[in-house]
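Reading the structure
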Amino acid sequence: MAHVRTSRLRLGSAIAAVLALTVGAPAVPAVAATPDGHDAVAAATQNALPRYPADATRIAAAGPGGFLTAGSREKPELRWTRYADGTSTVLSTSSNSNDGSASDVVVTGDAPAPFQYRVVKLHDMATGAAPVTIDLNQLGANYAYVEAVGSTLLVEVTNADGTHELHLVSKSGDTVSDRKVTGMPDGAAWFTATGGVPGSALLAYDRGAREMPKGGGRAVVDLATATVTETYEGSQPGYLSAHLAFSATHVAWTEYVSGVGFEIVVAARGSGKTERILVGKVEELSLGLAGSWLAYAVPTRLTESMGSALTPLRARSLETGETVTLLDHMSSSVPGPDGTLLVRGGTVEKGEGLYRVSPGGSGTPPVVEQVATTGEPTKVALNQARVPAVVDFAANRGRVQLSWELSRRNVSFAVELRHTRTNHVWRQYVPADQTVTGAGPLSVVWDGSYHHAQDDSPSYTTAFNGDYTWRITASPTNGVGPDLEATGAFKVARKAAPHDFNDNGSPDLLAVDSWGQLMTYDSHYDVQADRLRWPYGATLGSGWNVYNQLVAPGDLGGSARADVLARDKSGVLWFYAGRTDGFSPRVKIGTGWQIYTKVVGGGDLTGDGRTDVLATDTAGVLWLYPGTGNANAPFSARKKAGTGWGIYNKVTAVGNIAGGAAGDLVARDKDGVLWSYLGKGDGTFAARTKIGAGWNGFSHIVGIGDANKDGRPDLLGYTAKNLYVYPGTGQWATPFGARSVQVNPNDGEPAESPF
């Protein structure tokens with residue numbers, strides 16, 4: 001393909017649709033894609049191939065025995081790699097400057113760019129012999145390097161009268177041969193050239209002064225006889241035609257058409273006729289010939305953010321117009337020996353590497369063969385999923401980062417998490433970041449919520465515990481390769497929460513309305529908005545107005561589900577074991593509970609890991625019922641825990657609010673002062689501490705657990721219209737922070753008996 005020199009123009013960026021219309025729609029790819037199940041076969045094939053250098057930015061030259069690669073500007077390196085055994089030789093680590101075409105001879109020089117070379121070294125990589133040095137200064141200051149084809153230098157000589165000649169310079173031993181090329185058109189000057197056909201070079205030239213050229217042409221030079229054998233007139237100067245290609249049957253070059261863009265000009269050798277193919281305004285174009293097939297593409301690195309209609313390397317028959325796809329993308333190319341092309345690119349089937357494009361037989365499409373591999377896939381691949389097997393949301397305020405390591409990140413990325421039992425989903429779209437396109441992780445932060453199915457808007461519903469599946473879709477933004485789709489599984493499992501009645505870890509508020517219906521309101525704390533939301537309410541049952549005491553103590557029965565205690569008007573105590581979808585049928589667990597004015601539950605008061613219950617009688621005695629963890633007999637015999645509790649009109653178990661040994665209580669007296677009692681861990685409490693006054697404005701005070709996802713239990717104060725959240729601080733002297741007002745869950749209307 002085109003050998004582009006650093007001193008010449010580059011062709012433009014977005015390819016026009018005109019080219020596709022002109023050259024026809026592509027047929028079946030010459031290298032077809034294979035299913036993912038064939039990846040192991042492709043990997044085995046790649047392991048047998050030479051390794052294409054990982055740091056190489058382009059293919060620089062290629063011969064029968066190997067290929068030359070160039071490094072980056074930051075890390076220059078010229079490295080020759082042999083096809084036969086994959087061994088490599090580093091020629092330079094200080095410069096990427098090189099030249100040479102379609103042979104095992106690599107040319108280096110004494111300047112950053114080949115057209116500036118004065119002292120040229122020819123390295124025969126096939127023999128490993130010492131470099132041959134040709135000093136153009138010894139031939140004359142008017143000798144200027146143009147190109148090397150094999151061991152022959154094409155040199156432009158400027159005469160004293162201003163005319164120009166093309167010379168062929170070579171060296172054998174100590175003897176330098178200098179031959180003038182005959183048959184050049186009059187006025188030809190300012191030469192560029194390329195190889196690719198054995199024994200020949202294709203030359204581009206201008207006429208007139210470099211500053212004001214009068215038009216140009218192309219010529220084929222026979223290197224053995226130093227004669228021009230063919231000429232082709234062009235409408236544009238040759239220096240605008242950095243893209244040159246030729247084969248045994250055709251020559252091709254590019255020309256610029258003002259206001260339109262570039263054209264590819266193709267001629268059958270010896271016919272004298274040319275065909276013009278409109279390309280349009282493009283930034284860069286790779287051009288080559290494989291027999292009678294024209295190969296073309298806009299060079300696109302695998303990790304580039306954008307592609308175009310000409311990102312795939314395609315070949316068009318110059319005889320029939322048939323078009324086939326050769327590679328899914330390419331980034332650089334050079335002419336190879338015997339009419340071949342060497343292309344750095346990739347296919348979905350075989351991955352990234354170096355490919356040889358050879359003429360097919362009897363007019364058939366070119367044959368594509370991978371000759372070296374980088375070991376990288378061309379399609380987007382999932383290298384590793386960093387999704388925990390179990391997610392518990394215990395840290396980072398209920399958020400968890402999920403990551404997927406991809407082979408490249410120039411993709412738009414979509415994640416879907418789906419709860420297996422309920423089919424609820426959470427989705428996140430991650431747009432492509434043009435600054436980060438190589439291999440690495442793409443991550444999302446899941447806040448443990450769901451989205452509405454119809455429009456993907458947040459539902460503010462906390463995710464349930466249980467089995468989940470994840471699905472990712474990565475769509476390449478440059479169009480190279482198919483979308484990646486991958487799936488996996490994980491679980492969400494949280495420690496049992498005292499007020500979680502639907503198995504999603506967030507505390508719920510229970511309430512009985514005037515018709516006796518038991519309602520549950522699921523909470524969701526929106527960390528970003530710092531707001532407690534109540535996404536929905538549900539009815540769990542009816543007939544609950546037969547009870548005059550309702551308690552949500554947490555897990556009493558040892559099932560890791562929050563349970564409920566209910567006392568009826570005759571003093572019978574009933575146990576409702578929690579399930580993920582409500583409660584099991586009630587079980588009678590005691591009688592005579594009418595002697596108690598208050599029944600309280602919601603923490604481990606004895607330090608044994610089980611939930612305990614407290615009750616105050618009419619004499620103000622506080623009784624402890626130690627929990628057993630047995631649903632059939634959830635308490636052991638009562639123990640006296642204190643006296644004088646008759647002064648309080650509200651007692652609430654709040655869990656461990658001070659970071660001490662056990663669960664704590666808060667109690668409100670008749671004057672509205674709220675007091676804290678810190679548990680000692682033996683069923684008794686330390687001396688009370690005043691929290692604050694003014695609490696008689698609340699009809700209910702509920703120790704709901706950790707409502708704001710900071711790991712500390714919080715307190716709710718309920719009025720007729722509003723709900724106030726008092727966040728836990730973990731400090732015994734000031735256990736609650738400044739309150740925030742929230743709309744109560746019953747759409748702003750009071751729930752009659754919240755607990």
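Criteria and cut-off values
Residues numbered from 1 in each chain as written. Predicted model: local features only at pLDDT ≥ 70, side-chain atom pairs only at ≥ 80, totals over all residues. Heavy atoms only, no water. Helix = DSSP H or I, 4+ residues; strand = E, 2+ residues; numbered from the N terminus. Rg over C-alpha atoms; globule rule 2.2 N^0.38 Å. Buried < 20%, exposed > 50% of the residue type's maximum accessible area, 1.4 Å probe, protein only. Pairing = 2+ DSSP bridges. Axes fitted to C-alpha atoms, helices over the stretch in contact; angles between N-to-C directions. Salt bridge = Lys/Arg side-chain N within 4 Å of Asp/Glu carboxyl O. Domains from an automatic or database assignment. Contact = heavy atoms within 4.5 Å. Buried area = accessible area lost by both parts, 1.4 Å probe. Polar contact = N/O pair within 3.5 Å; in protein donor to acceptor, adjacent residues only side chain to side chain. Nonpolar A, V, L, I, M, F, W, Y, C, P; charged D, E, K, R; others polar. pLDDT = per-residue confidence, 0-100. Phe/Tyr/Trp six-rings, centres within 6.5 Å; stacked < 30°, edge-to-face > 60°. Core = buried A, V, L, I, M, F, W, Y, C linked by side-chain atoms within 4.5 Å.

1. Let's talk about the overall build of the protein chain
Secondary structure summary: the protein chain contains 3 helices and 59 strands in total. The C-alpha radius of gyration computed for the protein chain amounts to 41 Å, which surpasses the reference 27 Å derived for 755 residues by more than 25%, pointing to a less compact arrangement than a globule. Here the C-alpha coordinates of the protein chain stretch approximately 125 × 45 × 45 Å along the principal axes. For the protein chain, buried positions account for 54% of its 755 residues.

2. Comments concerning the sheet that holds strand β33 (residues 440-446)
Across a sheet, paired strands are connected by hydrogen bonds in the backbone, their directions being either parallel or antiparallel. The antiparallel open sheet is built from 3 strands, whose spatial order is β28-β30-β33. Two strands close off the open sheet at either side, each with one partner strand: β28 (382-386) and β33. When the angles between neighbouring strand axes are averaged without regard to direction, this sheet yields 20°. Sheet analysis places β28 next to strand β30 (residues 400-406), joined by 4 bridges and oriented antiparallel. Paired with Arg386 across the two strands is Ser403, which belongs to β30.

3. Structural notes on the pattern of salt bridges
Across all of its chains, the model carries 23 salt bridges by this definition. Residue Arg344 is joined to Glu352 by a salt bridge in which the shortest nitrogen-to-oxygen separation is 2.9 Å. Each member of the pair Arg344 and Glu352 is classed as buried. A salt bridge links Arg579 to Asp581, with the shortest nitrogen-to-oxygen separation between them at 3.1 Å. The exposure class assigned to Arg579 is partly exposed, which follows from its relative accessible area of 35%.

4. Structural notes on the domain arrangement of the protein chain
Structurally, the protein chain comprises domain 1 (382-492) and domain 2 (508-743). Each of domain 1 and domain 2 has a C-alpha centre, and these two points are 37 Å apart. Every contact between the two is made by 12 residues of domain 1 and, on the other side, 13 residues of domain 2. Across the domain 1 to domain 2 interface the summed buried area is about 960 Å²; carbon plus sulfur atoms make up 49%. For domain 1, the biggest contributors to the area lost against domain 2 are Arg397, Tyr460 and Thr462; these three give 65% of the whole. The interface formed by domain 1 and domain 2 includes 0 salt bridges. Taken together, the connections running from domain 1 to domain 2 amount to 4 residue pairs in polar contact (both at pLDDT 80 or more). Looking at which element gives the most residues to the side of domain 1 that touches domain 2, the answer is strand β35 (residues 458-462), with 4 residues. Residues belonging to the side of domain 1 that touches domain 2 are distributed by class as follows: 2 nonpolar, 6 polar and 4 charged.

5. Re the sheet that holds strand β18 (residues 261-268)
If you walk across this open sheet you meet the 4 strands as β16-β17-β18-β19, and the pairing is antiparallel. In this open sheet, the two strands that pair with only one neighbour each are β16 (244-246) and β19 (274-280). Each strand axis lies, on average, 25° off the axis of its neighbour in the sheet, ignoring direction. Of the pairings in the sheet, the one linking β16 to strand β17 (residues 250-257) comprises 3 bridges and is antiparallel in character. Bridge pairing in β17 links Ala245 to Ala252.

6. With respect to the pairing of strand β32 (residues 425-430)
The pairing of strand β31 (residues 411-419) with β32 spans 6 bridges and is antiparallel. Opposite Arg418, over in β32, you have Val425 as the bridge partner. From the end of β31 to the start of β32, which pair antiparallel, there are 5 residues, and Asn423 there has a positive phi angle of about 70°.

7. Digging into the environment of Pro366
Mapped onto the fold, Pro366 is located in the loop between β26 (351-358) and β27 (367-373). Relative accessible area serves as the criterion here: at 5%, Pro366 is assigned to the buried category. Once the C-alpha coordinates of Pro366 and Thr340 are considered, the two residues, 26 residues apart in sequence, prove to be 9.4 Å apart.

8. Some remarks on the side chain of Lys598
Looking at the secondary structure, you find Lys598 in strand β47 (residues 596-603). In terms of polar contacts, Lys598 uses its side chain to reach the backbone carbonyl oxygen of Tyr648, at 2.9 Å. The contact partners of Lys598, leaving out residues within four places of it in the chain, are Gln549, Leu614, Ala615, Thr616, Tyr648, Asn649, Lys650 and Val651.

9. What about the environment of Gly730?
On the secondary structure map, Gly730 appears in the loop between β57 (722-726) and β58 (740-743). Discounting residues that sit within four places of it in the chain, Gly730 has contacts with Ile657, Ala658, Gly659, Arg712 and Pro735.

10. Description of the confidence of the model for the protein chain
Do not read the fine detail of predicted coordinates wherever pLDDT is low. Of the residues in the protein chain, 91% have a pLDDT of 70 or more, and the chain-wide mean is 88. For the stretch residues 1-38, pLDDT sits under 50, and the model shows 109 contacts to residues farther than four places along the chain or on other chains.

11. Some thoughts on the packing of aromatic side chains
Throughout the structure, instances matching the rule amount to 31 aromatic pairs. Both rings, one in Tyr117 and one in Tyr145, keep their centres 5.4 Å apart while their planes meet at 50°; by these two values the pair is tilted. Here Tyr117, found in the loop between β5 (105-109) and β6 (119-124), pairs with Tyr145, found in strand β8 (residues 143-149); they are 28 residues apart in sequence, far enough to count as distant. Tyr145 shares its class with Tyr117; the two are buried. Taken together, a centroid distance of 6.1 Å and an interplanar angle of 90° make the contact between Phe698 and Tyr726 edge-to-face. Here Phe698, found in the loop between β54 (689-692) and β55 (700-705), pairs with Tyr726, found in strand β57; they are 28 residues apart in sequence, far enough to count as distant. Here Phe698 matches Tyr726 in class, with each residue buried. Taken together, Phe393, Trp426, Trp446, Tyr468 and Phe490 form an aromatic cluster joined through their ring pairs.

12. So, the side chain of Ser97
In this structure, Ser97 sits in the loop between β4 (88-92) and β5. Residue classification places Ser97 among the buried residues on the basis of a relative accessible area of 10%. A distance of 3.1 Å separates a polar atom in the side chain of Ser97 from the backbone oxygen of Pro112. What Ser97 contacts, discounting residues up to four positions off in sequence, is Leu78, Thr108, Ala111, Pro112, Ala113, Pro114 and Tyr117.

13. Comments concerning the nonpolar core
Counting residues in each nonpolar core, the largest one holds 28 residues, and the members touching the most others are Trp404, Leu406, Phe413, Trp446 and Phe490. Contributions of two or more residues to this core are made by β30, β31, β32, β33, β36 (466-476) and β37 (484-492). Look past the residues within four positions of Trp404 in its chain and what remains in contact with it is Leu382, Gln384, Ala385, Val387, Phe413, Val415, Gly440, Pro441, Leu442, Val444, Trp470 and Ile472. Counting residues in each nonpolar core, the second largest holds 18 residues, with Leu166, Met184, Ala193 and Leu223 among its members.

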